[in-house]
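Observations on chain architecture
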Amino acid sequence: MRKIKVNEIYYSIQGESSLSGLPCIFIRLTYCNLRCSYCDSEYAFYEGKDMTINQILSEIKKYHCNLVEVTGGEPLLQSGCIDLLNELIAKKYEVMIETGGSLPVNLVHKNVKKIIDFKCPSSNMENKNLWKILDDVSKNDEIKFVIGDQTDFRWAQNKIKKYEIEDKCNILFSCVFEKLKYETLVKWLLDSNIKARFQLQTHKHIWKEETRGV
């Protein structure tokens, strides 16, 4: 039976997205093809254990929660990720996937909420963005921009306009943690009139940044 390398499975609150604040089960898969300058989950690059989908389902069944996010690392690097998503949908879970914007999402089940984190210049990974992903998003999906400075913000503005993202799905803006002041990004957003949601990384305001499994 096909196995997936899983870095961790834990139960916490959803820290980001339009579902922020809700109880959520997180399935963090191992490996990532990106090396963002501000990465907060480098431990997921290699660490993990091989699990079957049935083992994963058995583990998350311990938590009385219907919201599940598959994240990484970059979850879509593992071919078994699509099978996992399909099984979660079949089991009637509400499912999200967070992906780094560099890999196709066309095989992701239509009922999975896709959170696509396109990389701004300060990440040093902007050349990895796969913009054709936008052909496969729906109104239920969300595009995220993590902003480190004004160059990032202007770059995101241009991409939103160029690809008409406001018409395709929801847009999220957040700050690189402890690098950009929240009030600064909020002012830029208000002055720009971009139709977007400003978000905090709520979990980082509850637990210390280095805390795992939260």
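Before reading further, recall that the structure is shown in the block above.
Residues numbered from 1 in each chain as written. Predicted model: local features only at pLDDT ≥ 70, side-chain atom pairs only at ≥ 80, totals over all residues. Heavy atoms only, no water.

1. Quick word on helix H1 (residues 53–60)
Since the α-helix advances by 3.6 residues per turn, residues separated by three or four positions end up pointing in the same direction. Listed as buried for H1 are Ile53, Ile56, Leu57 and Ile60. Buried residues of H1 fall within an arc of 100 degrees about the axis and therefore sit on the same side. Taken together, the buried residues of H1 touch strand E1 (3–13), strand E2 (23–29), strand E3 (49–52), strand E4 (67–71) and helix H2 (80–90). (Buried < 20%, exposed > 50% of the residue type's maximum accessible area, 1.4 Å probe, protein only. Helix = DSSP H or I, 4+ residues; strand = E, 2+ residues; numbered from the N terminus. Arc of directions from axis to C-beta. Contact = heavy atoms within 4.5 Å.)

2. Concerning the packing of helix H3 (residues 150–162) against helix H4 (residues 182–192)
The interhelical angle for the contact between H3 and H4, taken along N-to-C directions, is 30 degrees, at an axis separation of 11 Å. Classified by the interaxial angle, the pair formed by H3 and H4 is roughly parallel. In the packing of H3 onto H4, the handedness of the crossing is right-handed. Contact residues: H3 offers Gln150, Phe153 and Gln157, while H4 offers Leu185, Trp188, Leu189 and Ser192. Tallied by class, residues from the contact of H3 with H4 come to four nonpolar, three polar and no charged. (Axes fitted to C-alpha atoms, helices over the stretch in contact; angles between N-to-C directions. Parallel < 35°, antiparallel > 145°, perpendicular 65-115°, else oblique. Left-handed = near helix turned anticlockwise from the far one by under 90°. Nonpolar A, V, L, I, M, F, W, Y, C, P; charged D, E, K, R; others polar.)

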